[in-house]
Amino acid sequence: METKIVLHNSVSLDCSFIGFHPNMDLHYRIVNHYKPNIYLAGSNTARSGIELFGKMLPDETANDTQKPKKDKSLPFWVISDTKGSLKDLLHHYRRLDCCRDLVILASKSTPSDYLKYLDERHYDYIIAGDNFINYKSALKELITKYQSSTIVVDSGSILGYILLNENLIDEISLIVSPEIIGIHSKNLFGELKTKINLSCSHCEKFPDGNIWITYEVKK
Ligand SMILES: NC(=O)c1ccc[n+]([C@@H]2O[C@H](COP(=O)([O-])OP(=O)(O)OC[C@H]3O[C@@H](n4cnc5c(N)ncnc54)[C@H](OP(=O)(O)O)[C@@H]3O)[C@@H](O)[C@H]2O)c1
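Here is what the cut-offs are and how they apply
Residues numbered from 1 in each chain as written. Predicted model: local features only at pLDDT ≥ 70, side-chain atom pairs only at ≥ 80, totals over all residues. Heavy atoms only, no water. Buried < 20%, exposed > 50% of the residue type's maximum accessible area, 1.4 Å probe, protein only. Helix = DSSP H or I, 4+ residues; strand = E, 2+ residues; numbered from the N terminus. Arc of directions from axis to C-beta. Contact = heavy atoms within 4.5 Å. Pairing = 2+ DSSP bridges. 1 Å grid on protein atoms, 1.4 Å probe; cavity = no way out; pocket = protein on both sides within 12 Å on 5 of 7 lines; lining within 4 Å. Points joined across faces, edges and corners; volume = space filled by probe spheres on them. Domains from an automatic or database assignment. Axes fitted to C-alpha atoms, helices over the stretch in contact; angles between N-to-C directions. Salt bridge = Lys/Arg side-chain N within 4 Å of Asp/Glu carboxyl O.

Participant: With reference to specific residues and values, describe helix H4 (residues 112-120).
Facilitator: The periodicity of an α-helix, 3.6 residues per turn, causes residues three or four positions apart to be oriented the same way. Along H4, the residues that are buried comprise Tyr114, Leu115, Tyr117 and Leu118. Down the axis of H4, the buried set is contained in an arc of 155 degrees. They therefore lie on one face. The exposed residues of H4 that point more than 90 degrees off its buried face are Ser112 and Lys116. Buried residues belonging to H4 abut helix H3 (91-94), strand S4 (102-106) and strand S5 (124-127). Of the residues one or two after H4, His122 is the one with positive phi, at around 60 degrees.

Next comes the structure, spelled out in structure tokens:
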């Protein structure tokens, strides 16, 4: 199966992925434009999302421990979390209307009590890699198991640069916000090990000054 893997981020003009005011409505409209079957994020991103709504986090109920029956056109949300840092928190995401269900990427070093937590709640998981995830094999298994033609990666810089370093990204989608962060900026691509050649495939300006640019990764 031909699968496109898109790295999607909002950034400031100086390419910071934090410390600015992203247009979240536009950010998710563009995620939906790709119609992904898989929406992938790192554990730091998933935790920061929960912290944003922390005080309103509902307690888990018996309903949350069952696999939800939702529209099959919705994407699976996949979170890489080898250390089990989202234990007791996953029901927050399982409840979201836009999430078909969660799939966790784990490794051979993932604590057994986390795997037990996942098993007891019928969360799917994939074990790939000894310590950290081996993304090449994890993505291969995800694509086969969930018949995925489009994967959108919406994460912070770490997961993005790991996938770029491993040549696993086909397209980069950036929403550039009209702000410069300067000295406090954290460059989205600051940890890349290799130079990556791109070909610009789309550029669109929105009334609030945000610009959406997409690039194909030349392989
Ligand atoms: N501007 C945007 O568009 C945007 C989008 C999303 C998030 N964010 C922001 O980004 C921040 C979080 O991003 P982040 O860069 O800290 O982290 P992240 O990309 O969310 O998560 C890092 C992931 O990489 C994995 N990892 C770390 N080292 C690895 C290695 N050597 N090999 C394989 N996998 C490895 C971790 O796995 P383990 O869990 O297994 O350790 C973790 O799942 C938050 O502040 C969030 O708000 C911004």
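Participant: Tell me about the pairing of strand S9 (residues 211-217), and name the residues and values.
Facilitator: Sheet analysis places strand S7 (residues 171-177) next to S9, joined by 6 bridges and oriented antiparallel. Bridging from a neighbouring strand, Ser173 pairs with Thr214 of S9. Relative to S9, strand S8 (residues 198-205) runs antiparallel, the two being bridged by 7 bridges. Across the sheet, residue Cys200 finds its bridge partner in S9, namely Tyr215. Counting the residues between successive antiparallel strands, the hairpin from S8 to S9 contains 5 residues, one of them, Gly209, with a positive phi of roughly 95 degrees.

Participant: Now, about the layout of surface pockets: what can you tell me, with residues and values included?
Facilitator: The volume enclosed by the second largest pocket comes to roughly 190 Å³. Per-element tally for the lining of the second largest pocket: the top contributor is helix H5 (residues 135-145), with 4 residues. Mapping the lining of the second largest pocket onto the domain boundaries places at least three of its residues in each of domain 1 (1-37 + 155-219) and domain 2 (46-148).

Participant: Mind laying out the environment of Gly42, listing which residues take part and the relevant values?
Facilitator: Within the secondary structure, Gly42 sits in strand S2 (residues 38-42). For the pair formed by Gly42 and Asp154, sequence separation is 112 residues and the distance between their alpha carbons is 8.4 Å. The residues contacting Gly42, other than those within four sequence positions of it, are Ile79, Ser80, Ser155 and Leu159.

Participant: Describe in detail the sheet that holds strand S1 (residues 4-12), supporting the description with residues and values.
Facilitator: With mixed pairing, 9 strands are arranged side by side in an open sheet as S5-S4-S3-S2-S6-S1-S7-S9-S8. Bordering the open sheet on either side are S5 and S8, each of which pairs with just one other strand. Strand-to-strand twist across the sheet, computed as the mean angle between neighbouring axes with direction ignored, equals 20 degrees. Of the strand pairs in this sheet, S1 and strand S6 (residues 150-153) are connected by 4 bridges, and their pairing is parallel. Within the sheet, the bridge partner assigned to Val6 lies in S6 and is Val152. Against the sheet, helix H6 (residues 157-165) contacts S1, S2, S6 and S7, and its axis sits at roughly 110 degrees relative to S2.

Participant: Lay out the pairing of S1 in plain terms, naming residues and giving numbers.
Facilitator: The buried count for S1 comes to 8 of 9 residues, which makes it a mostly enclosed element. Note that S1 and S7 share 7 bridges and pair parallel. The residue of S7 that forms the bridge with Ser10 is Ile175.

Participant: Go over the pattern of salt bridges with me, naming the residues and quoting the values.
Facilitator: According to the stated counting rule, one finds 12 salt bridges in the structure shown. Taking the shortest distance from any N to any O, the salt bridge between Lys4 and Glu171 comes out at 2.9 Å. Taken together, the residues Lys4 in strand S1 and Glu171 in strand S7 connect sequence positions 167 residues apart. For Lys4, a relative accessible area of 34% translates into the label partly exposed. Where Glu120 meets Arg121, a salt bridge forms, and the shortest distance between an N and an O atom there is 3.6 Å. Accessibility expressed as a relative area gives 13% for Arg121, which makes it buried. A single network of salt bridges, built from pairs that share partners, joins Glu60, Lys116, Glu120 and Arg121.

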